[in-house]
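# Summary of the model geometry
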Amino acid sequence: MGDGPAIVEGHCDPAFEPVRDALAEALASGFEVGAALAVYVDGKAVVDLWGGYADKARTRPWRRDTIVNLYSVGKAISAVCALRLVDAGLLDLDAPVARYWPEFAQANKGGLPVRYLLTHQAALPAIARPLPSGAWSRWETIAEALAAQEPWWEPGAGHGYHVNTQGFLIGEIVRRVTGKTLGTYLRESIAGPAGIDFFVGFGPELDPRCADMLPPRPSPETEEFLRGESLMRLCAYRNPLELSGTGVVNTRAWRAAEVPSTNGHGNARAVARLYSALAGDGELDGVRVLSPETIARASEQQVYGDDIVLQRPTRFGLGFQLTMAERRLGPNPRAFGHFGAGGSLGFADPDGRVAFGYAMNQGRGGWQHKHVRHFIDLVYAAL
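Here's what I pulled together on the structure shown here.

About the cut-offs
Residues numbered from 1 in each chain as written. Predicted model: local features only at pLDDT ≥ 70, side-chain atom pairs only at ≥ 80, totals over all residues. Heavy atoms only, no water. Helix = DSSP H or I, 4+ residues; strand = E, 2+ residues; numbered from the N terminus. Rg over C-alpha atoms; globule rule 2.2 N^0.38 Å. Buried < 20%, exposed > 50% of the residue type's maximum accessible area, 1.4 Å probe, protein only. Areas by Shrake-Rupley, 256 points an atom, 1.4 Å probe, with all protein chains shown as cover. Lys, Arg positive; Asp, Glu negative; His and termini not counted. Charge placed at Lys NZ, Arg CZ, Asp CG, Glu CD. Phe/Tyr/Trp six-rings, centres within 6.5 Å; stacked < 30°, edge-to-face > 60°. Lys NZ or Arg CZ within 6 Å of the ring centre and 35° of its normal. Pairing = 2+ DSSP bridges. Contact = heavy atoms within 4.5 Å. Polar contact = N/O pair within 3.5 Å; in protein donor to acceptor, adjacent residues only side chain to side chain. Expected span 1.5 Å × (residues − 1). Core = buried A, V, L, I, M, F, W, Y, C linked by side-chain atoms within 4.5 Å. Salt bridge = Lys/Arg side-chain N within 4 Å of Asp/Glu carboxyl O.

What follows covers the overall build of the protein chain. Counting its secondary structure elements, the protein chain contains 13 helices and 16 strands. Here the C-alpha radius of gyration of the protein chain, 19 Å, is about what a compact globule of 383 residues would show, namely 21 Å. Seen along its three principal axes, the alpha-carbon backbone of the protein chain occupies a region of about 60 × 40 × 40 Å. Every one of the 383 residues in the protein chain was classed for burial, and the buried ones make up 62%. Total accessible area on the protein chain stands at roughly 14,600 Å², and carbon and sulfur atoms take up 52% of it. Seen as two clouds, the 38 positive and the 42 negative side-chain charges of the protein chain have centres 2 Å apart.

For the coordinates displayed, the defined rule picks out 9 aromatic pairs. Between the aromatic rings of Phe347 and Phe356, the centroid separation amounts to 5.2 Å while the plane-to-plane angle is 20°, which identifies the pairing as stacked. Take Phe347: its relative accessible area is 0%, and that puts it in the buried class. Every member of this aromatic cluster is reached through a ring pair, and the members are Tyr275, Phe320 and Phe336. Above the ring of Phe104, the side-chain terminus of Lys109 is found at 4.8 Å from the ring centroid. Between Arg315 and the ring centre of Tyr304, over which it is positioned, the NZ or CZ distance is 5.6 Å.

Turning next to unusual backbone geometry. With an omega of 0°, the peptide bond running from Asn239 to Pro240 counts as cis. Following the sequence through the fold, Pro240 ends up in the loop between helix H9 (231-238) and helix H10 (252-256). Despite not being glycine, Ala123 has its phi angle at roughly 65°, a positive value. Structurally, Ala123 is set in the loop between helix H4 (115-119) and helix H5 (139-148).

Moving on to the environment of Ala35. Note that Ala35 resides in strand E2 (residues 34-41). Exposure remark for Ala35: the relative accessible area of 0% places this residue in the buried category.

Let's shift gears to the sheet that holds strand E7 (residues 265-266). Across the sheet, which stays open at both edges, the 3 strands sit in the order E4-E7-E5 with antiparallel pairing between neighbours. The sheet is open, and its two borders are formed by strand E4 (68-69) and strand E5 (198-199), each paired with just one other strand.

A few words on the environment of Asp281. Along the polypeptide, Asp281 turns up in the loop between helix H11 (268-279) and strand E8 (283-284). Along the chain, Asp281 and Tyr185 lie 96 residues apart, while their C-alpha atoms are 22 Å from each other. In this view, Asp281 contacts Arg288, Leu290 and Pro292; residues no more than four positions away in its chain are not counted. There is a polar contact of 3.0 Å between the side chain of Asp281 and the backbone nitrogen of Glu283.

Two faces make up the sheet, and in a regular strand the side chains alternate between them. Judged from the 4 bridges that link them, strand E10 (residues 303-306) and strand E11 (residues 313-316) form a sheet pairing that is antiparallel. Bridging from a neighbouring strand, Val303 pairs with Phe316 of E11. Turn length for the E10-E11 hairpin, with the two strands adjacent in sequence and antiparallel, is 6 residues, and the turn residue Gln311 shows positive phi of about 60°.

Attention shifts here to helix H6 (residues 166-178). For the α-helix, the turn length of 3.6 residues means that residues three or four positions removed from each other point alike. Taking 1.5 Å per residue as the helical rise, H6 with its 13 residues ought to reach 18 Å, and the 18 Å between its terminal C-alpha atoms agrees with that figure. Turning to H6, its buried residues are Gln166, Gly167, Phe168, Leu169, Ile170, Gly171, Glu172, Ile173 and Val174. A positive backbone phi angle near 80° is found at Gly179, which sits one or two residues after H6.

Checked against the element boundaries, Ser244 lands in the loop between H9 and H10. Owing to a relative accessible area of 19%, Ser244 belongs among the buried residues under this scheme. Polar side-chain contacts of Ser244 include one of 3.0 Å to the side chain of Asn164. Looking at Ser244, its side chain comes within polar contact range of the main-chain oxygen of Tyr237, at 2.9 Å.

Ranked by internal contacts, the top residues of the largest apolar core, which has 86 residues, are Ile196, Leu278 and Phe320. Ranked by the residues each element gives to this core, the list is headed by helix H2 (residues 73-87), at 10 residues. Ignoring anything within four residues of it in the chain, the contact list for Phe320 reads Ala76, Val80, Leu83, Tyr275, Leu278, Ala298, Arg315, Phe336 and Gly337. Within the second largest apolar cluster, 32 residues are counted, among which are Cys12, Leu23, Val354 and Val379.

Taken as a whole, this structure holds 19 salt bridges when the rule is applied. The partner of Asp212 in a salt bridge is Arg60, with the nearest N and O atoms 3.8 Å apart. Of this pair, Asp212 sits in the loop between E5 and strand E6 (214-217) while Arg60 sits in the loop between strand E3 (44-52) and E4, and the two are 152 residues apart along the sequence. Note on Arg60: relative accessible area 29%, which makes it partly exposed. Linking Arg252 and Asp207 is a salt bridge whose minimum nitrogen-to-oxygen distance equals 2.8 Å. Linking Arg252 in helix H10 with Asp207 in the loop between E5 and E6, this pair joins segments that are 45 residues apart in sequence. Three or more residues are tied together by salt bridges with common partners; here these are Arg60, Asp207, Asp212, Arg252 and Arg255.

Attention shifts here to H2. When the terminal C-alpha atoms of H2 are compared, their 22 Å separation across 15 residues agrees well with the 21 Å that a helix rising 1.5 Å per residue should span. In terms of residue burial, H2 counts as a mostly covered element, since 14 of its 15 residues are buried.

As structure tokens, then:
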């Protein structure tokens, strides 16, 4: 337990003071070590808060510009990169992946459409061939293995969460179309021009700003999920062994690599600012992120039902998780975004014109947690 109220820095509009109090309580109780929360309404920042510590020893305060590994929050940002190519007429969602990536046609995948990479219907959540330690840092090794991989089920016949592979699949399409890695394309076309503090692969100059991810607290659910594992699920999380960041998440090698489903680093403000464009007309500070038409397409339901990998219901648009009874993104029916392991989250609500970003460094099993749901409820109560 903490020893008094935690200091939360930043600003929030007066109506949102209960959000500040709730973040302070999460930090003071020790439930979170360091965290940041940002909310935009109608493109205006109404909440921009941070507090706690960037390290386990609690010697480095969490600062305004602290960034942290946001895990699967990066899946949606990877999807935005691909959707920009759709907007530009450079990528056709209904064309075969092999049109852009000829080697992908191996193992009878010649007709698999690009959209399946975004909807988790490609049936490639894992690589079966054992890969050596560190292979996650060698892009071409992973891309070649995915091109050769036989689908684990009939593509399109069901959906299953592509835990770590989706970013490589989308990223290779981006690389084939633009000649740039996904991290470079993101930096040059969106993050740099619009001032979004989110990175997929970065140099040591940003290490002083980077919070350490703390080891996840034991979770009976997580251990049960990975015990007695099917080969597919085991490989999805642990082939190569450190694919989900296990044991390497705070290393220079991990931060330098591009593992777009898993190792995007940013902060709550960056995530909320990006989603503020998606909750509105698609523009952010004069930069067109996506067209309104593409946002509408991407946030329409593509699949909803039992997930072959996670073994629970999931609901996806084109690269985005959609609000659902099991994991609500606020009260409105068109909200879309993406959770990250441990509790991080970004989402857009076009009905409320709300954008939400949450970042933290105390990992725990699962996606959304009670205190994050409480933050969301408090945001909507203040509107």
